[in-house]
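Single-letter residue listing:
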Amino acid sequence: MNMKTKFTLLLIIYSTFLFSQDLKTFTGDFPNGKLQSGKATYTYYENPETYDNVRQGNFKYTFTGAGDYLGYNQTITGKFDKGLKTGTWTYSITMTNFGNQETSHTGTIVLTANYKNGYANGLWQQIATYKSRKRPYSFGKWQQYGAIKTSKILMSFKDGNIVGKVDINDAFEKAKITGAYDENSMAIGTWLIDDNAWNKHKELRCKDNVLYEFIARDNTGRALEGSTKYQEEYDNVMKAKNMTDAEQKTAHIKLNKNCGTDGCAATNNIKPFLGKLLSNDYYLYEFIGGDLTFKEGFNGGCDYGTSYQY
């Protein structure tokens, strides 16, 4: 190890020591948008320029419901790095006969989410398992609890962009979805979308990051009206990919990268489940802070298309 490397290493160690000495600990009531506050413990330091308290290190939030929130308990744990979420965060909710005058729930909701520099990065998995019962106004008595239902949502992200396998099995929504994105967040392969609530079954077949075929089926497997192959669009994309911008303009064609729930057909089908992963009511993103994905939404989720340009 040369002298320059030793000096750099000593400087890092010394800076880390000074930084750790400045950390303070907060333990107390924590706002959550409810009438009853939760409790939180975390460490932080003061930004010398803005005087803001910046969370650094471990964070833990707990809520034990009382009164109107009796039967609702919550724990959130994770870590901050310079005010941004990092590493694995776990959000856990337990409900025991919790609800309002008309509906009551018993069960659990757990989200495990991974972050890097405040953005979703790595595996995200939400598992919700609970049963519900109702008390119709006309009867005035609670009905028996219904069957236990489970929702599983599994997705992965890279720097806030959705990548890899998507696997959704939601008994509450009566939906099953499987599909995948490549490392560049482009839709690939065949997406299977079963909306059992409406007896709709769809296949989205992607080829070279283009929606190549759409097939709708009934419960017997018979292809329905609207099933089609987008051969012309696929050919236009392949043609445009091999053109310069000037050549595209001359040919009156423009290559587009369609992203997000409003642009990409595959991503549009998982829109409700992306919303569940970013539920502020459940996971208190707005109150905990340090979550750039919550502020911006999930990014990526794209495919290619073309449009006419003059």
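Residues numbered from 1 in each chain as written. Predicted model: local features only at pLDDT ≥ 70, side-chain atom pairs only at ≥ 80, totals over all residues. Heavy atoms only, no water.

### Brief notes about the overall build of the chain
Quick reminder of the rule: Secondary structure elements follow DSSP: runs of H or I of four or more residues count as helices, runs of E of two or more count as strands, with numbering from the N terminus. Radius of gyration means the value over C-alpha atoms here, while the globule rule gives 2.2 Å times the residue count to the 0.38 power. Each residue is assigned to one of three classes by its accessible area relative to the maximum for its type, calculated with a 1.4 Å probe on protein chains only: buried under 20%, partly exposed between the two thresholds, exposed over 50%. Two residues form a contact once any of their heavy atoms are found within 4.5 Å. The accessible surface values rely on the Shrake-Rupley method and a 1.4 Å probe; as for residues, cover is taken only from the protein chains in view. Only four residue types enter the charge count, namely Lys and Arg as positive and Asp and Glu as negative; His and the chain termini do not. Charge positions are represented by NZ for Lys, CZ for Arg, CG for Asp and CD for Glu.
Assigned secondary structure in the chain consists of 8 helices and 18 strands. Scaling as 2.2 N^0.38, a compact globule of 310 residues should have a C-alpha radius of gyration of about 19 Å, whereas the chain reaches 25 Å, well beyond that. In terms of principal-axis extent, the alpha carbons of the chain reach across some 80 × 65 × 35 Å. Taken across its 310 residues, the chain has 36% of its residues classed as buried. A fraction of 44% describes how many contacts in the chain between residues 6 or more apart in sequence connect residues 24 or more apart. For the chain, the accessible surface area stands at approximately 17900 Å², while carbon and sulfur atoms represent 52% of it. Both charge centroids of the chain, one from 37 positive and one from 32 negative side chains, sit 6 Å from each other.

### Observations regarding the state of the cysteines
Stated formally: Whenever a pair of cysteine sulfur atoms sits within 2.5 Å, that pair is classed as a disulfide.
All told, the structure shown has 1 disulfide when counted by the stated rule. Between the sulfur of Cys 259 and that of Cys 302 lies a disulfide, 2.0 Å long from S to S. Disulfide Cys 259-Cys 302: the torsion about the S-S bond is 105°, which places it as right-handed. With Cys 259 in strand 16 (residues 253–259) and Cys 302 in strand 18 (residues 302–308), the pair connects residues that are 43 residues apart, well separated along the chain. Given the relative accessible area of 36%, Cys 259 is considered partly exposed. Cys 206 carries a free sulfur, and the closest cysteine sulfur to it, the one in Cys 264, is 6.7 Å from it. For Cys 264, a relative accessible area of 1% gives the class buried.

### What about helix 2 (residues 231–241)?
The condition that has to hold: Picture the helix axis, draw a direction to every C-beta atom, and the arc is the one those directions span.
For helix 2, the full list of buried residues reads Tyr 234, Asn 236, Val 237 and Ala 240. The arc that holds the buried residues of helix 2, viewed along the axis, is 160°, so those residues lie on one side.

### Overview of the nonpolar core
Keep this limit in mind: Throughout this description, the term nonpolar core refers to a set of buried Ala, Val, Leu, Ile, Met, Phe, Trp, Tyr and Cys residues connected via side-chain atoms within 4.5 Å.
Phe 59, Tyr 91, Trp 124, Met 155, Trp 191 and Ile 270 are the most contacted members of the largest nonpolar core, which totals 53 residues. Broken down by element, the residue count for this core peaks at 5 residues, all from strand 5 (residues 84–99). Once you skip the residues sitting within four places of it in the chain, Tyr 91 turns out to touch Thr 75, Ile 76, Lys 85, Ile 109, Val 110, Leu 111, Ala 113, Tyr 115, Tyr 283, Tyr 285 and Asp 291.

### A few points about the environment of Thr 244
With respect to the helices, strands and loops of the structure, Thr 244 is situated in the loop between helix 2 and helix 3 (245–250). Separated by 194 residues in the primary sequence, Thr 244 and Thr 50 have C-alpha atoms spaced 47 Å apart.

### As for the pattern of salt bridges
Side-chain pairs of opposite charge can arise whenever the charged atoms involved come near each other. This is how the line gets drawn: When a carboxyl oxygen of Asp or Glu lies within 4 Å of a side-chain nitrogen of Lys or Arg, that pair is called a salt bridge.
Evaluated as defined, the whole model comprises 11 salt bridges. Between Asp 81 and Lys 82 there is a salt bridge, with its nearest N and O atoms 3.6 Å apart. Overall, the relative accessible area of 32% leaves Asp 81 in the partly exposed class. As a salt-bridge pair, Lys 165 and Asp 167 come within 3.9 Å of each other at their nearest N and O atoms. Here the salt bridges share partners, and the residues they tie into one network are Glu 203, Arg 205, Glu 213 and Arg 217.

### A short note on the environment of Leu 224
With respect to the helices and strands, the residue Leu 224 is situated in the loop between strand 14 (210–217) and strand 15 (228–229). Residue classification places Leu 224 among the partly exposed residues on the basis of a relative accessible area of 30%. For Leu 224, the residues in contact, after removing those within four places along its chain, are Ala 216, Arg 217 and Asp 218.

### Thoughts on the side chain of Thr 103
With respect to the element layout, Thr 103 can be found in strand 6 (residues 103–116). In this structure, Thr 103 is in contact with Phe 98, Arg 133, Lys 134 and Trp 142, ignoring residues within four places of it in sequence.

### Describing unusual backbone geometry
Of note in the backbone geometry, Tyr 51 takes a positive phi value of approximately 65° without being a glycine. The exposure class assigned to Tyr 51 is exposed, which follows from its relative accessible area of 59%. Even without being a glycine, Asn 117 presents a positive backbone phi close to 55°. Take Asn 117: it is sitting in the loop between strand 6 and strand 7 (119–120).

### Comments concerning the environment of Ile 162
If you trace the backbone, Ile 162 turns up in strand 10 (residues 161–170). When the C-alpha atoms of Ile 162 and Gly 275 are compared, they prove to be 14 Å apart, with 113 residues separating the residues in sequence. Ignoring sequence-local partners within four residues, the contact set of Ile 162 consists of Met 155, Ser 156, Phe 157, Tyr 181, Ser 185, Ile 270, Asn 299, Gly 300 and Gly 301.

### Topic: the packing of aromatic side chains
This is how it is decided: Any two of the Phe, Tyr and Trp rings considered here, Trp counted by its six-membered ring, make a pair once their centres fall within 6.5 Å; the pair's planes then place it as stacked at under 30 degrees, edge-to-face at over 60, or tilted in between. Geometrically, a lysine NZ or arginine CZ counts as sitting over a ring once it is within 6 Å of the ring centre and also within 35 degrees of the ring normal.
Under the counting rule described, the total for this entry stands at 25 aromatic pairs. On the numbers, 6.0 Å between centres and 70° between planes, the contact of Phe 63 with Tyr 72 is edge-to-face. By the burial criterion, Phe 63 is buried, and Tyr 72 matches it. Its end group placed over the ring of Tyr 145, Lys 131 keeps NZ or CZ at 5.0 Å from the ring centre. Of note, Arg 133 hangs over the ring of Trp 142, and the distance from its end group to the ring centre comes to 4.8 Å.

Read these as layout, nothing more, since geometry by itself doesn't imply function.
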